[in-house]
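Take a look at the letters that make up each chain.
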Amino acid sequence: MASENSIHVRVSGQLQAHIQRQIGENGLYENASEYIRALIRRDLESRAEAWEWLREELEPALRADESEFVAVSAEDVIRRNQSR
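Bear in mind the structure is a predicted one, so any value in this text is a computation, not a measurement.

(A) Fine view of the overall build of the protein chain. Looking only at helices and strands, the protein chain features three helices and zero strands. For the protein chain, the α and β elements follow one another from N to C terminus as α-α-α. The C-alpha atoms of the protein chain give a radius of gyration of 23 Å, which is well past the 12 Å a tight globule of 84 residues would have. Across its three principal axes, the protein chain shows a C-alpha extent of roughly 60 × 30 × 30 Å. Buried residues in the protein chain amount to 7% of all 84 residues.

(B) A look at the environment of Val11. With respect to the secondary-structure elements, Val11 resides in the segment before α1 (13–22). Leave out the neighbours within four places in its chain, and Val11 touches Gln16 and Ile19.

(C) Layout of the nonpolar core. Counting five residues, the largest nonpolar core consists of Ile19, Ile23, Tyr29, Tyr35 and Ala38. Residues within four places of Tyr35 in sequence aside, it is in contact with His18, Ile19, Gln22, Ile23 and Tyr29.

(D) Quick look at the pattern of salt bridges. Within this structure, the stated rule accounts for five salt bridges. A salt bridge links Glu59 to Arg55, with the shortest nitrogen-to-oxygen separation between them at 2.8 Å. Taken together, the residues Glu59 and Arg55, both in helix α2 (residues 32–63) and four residues apart, mark about one turn of the helix. Accessibility expressed as a relative area gives 24% for Glu59, which makes it partly exposed.

(E) Main features of a nonpolar patch on the surface. There is a patch of nonpolar side chains on the surface, built from Trp51, Trp53, Leu54, Leu58 and Leu62 and spanning about 620 Å² of accessible area. Looking at the element boundaries, Trp53 is found in helix α2. The exposure class of Trp53 is exposed, given its relative accessible area of 52%.

(F) Fine view of the environment of Tyr35. With respect to the element layout, Tyr35 can be found in helix α2. The spacing of Tyr35 and Ile23 is twelve residues in sequence and 7.4 Å in space, taken between C-alpha atoms.

(G) α2, seen in detail. For α2, with 32 residues, the first-to-last C-alpha span of 46 Å sits near the 46 Å given by 1.5 Å per residue. Where α2 bends most, the angle comes to about 30°, and this point is Glu57, followed within four residues by the proline Pro60. The distance from a side-chain oxygen at the start of α2 to the backbone nitrogen of Ser33 is 3.1 Å, and the residue carrying that oxygen is Asn31.

Conventions we followed
- Residues numbered from 1 in each chain as written.
- Predicted model: local features only at pLDDT ≥ 70, side-chain atom pairs only at ≥ 80, totals over all residues.
- Heavy atoms only, no water.
- Helix = DSSP H or I, 4+ residues; strand = E, 2+ residues; numbered from the N terminus.
- Rg over C-alpha atoms; globule rule 2.2 N^0.38 Å.
- Buried < 20%, exposed > 50% of the residue type's maximum accessible area, 1.4 Å probe, protein only.
- Contact = heavy atoms within 4.5 Å.
- Core = buried A, V, L, I, M, F, W, Y, C linked by side-chain atoms within 4.5 Å.
- Salt bridge = Lys/Arg side-chain N within 4 Å of Asp/Glu carboxyl O.
- Patch = residues over 30% accessible without salt bridge, like charges linked within 9 Å, V, L, I, M, F, W, Y side chains within 5 Å.
- Areas by Shrake-Rupley, 256 points an atom, 1.4 Å probe, with all protein chains shown as cover.
- Expected span 1.5 Å × (residues − 1).
- Bend = angle between axes of the 7 residues up to and from the residue.
- Polar contact = N/O pair within 3.5 Å; in protein donor to acceptor, adjacent residues only side chain to side chain.

Put into structure tokens, the structure is as follows:
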């Protein structure tokens, strides 16, 4: 019986071929599990980077004084976005 810490996934076709190219003598990884763990870590890092980017983009607006904001209508926003 599999432990609670194990996940079993079936892959075939192009996915299986891709994994096989990543492991073994010609690949960067010793086995499929090592490759999958690396993919998960990369995914977690990219998500963290995306949240950090979003925080950095929004932080100036969150810290801005209310007097710096300009009221716009929905129509203004739609027009602005259509001109891009």
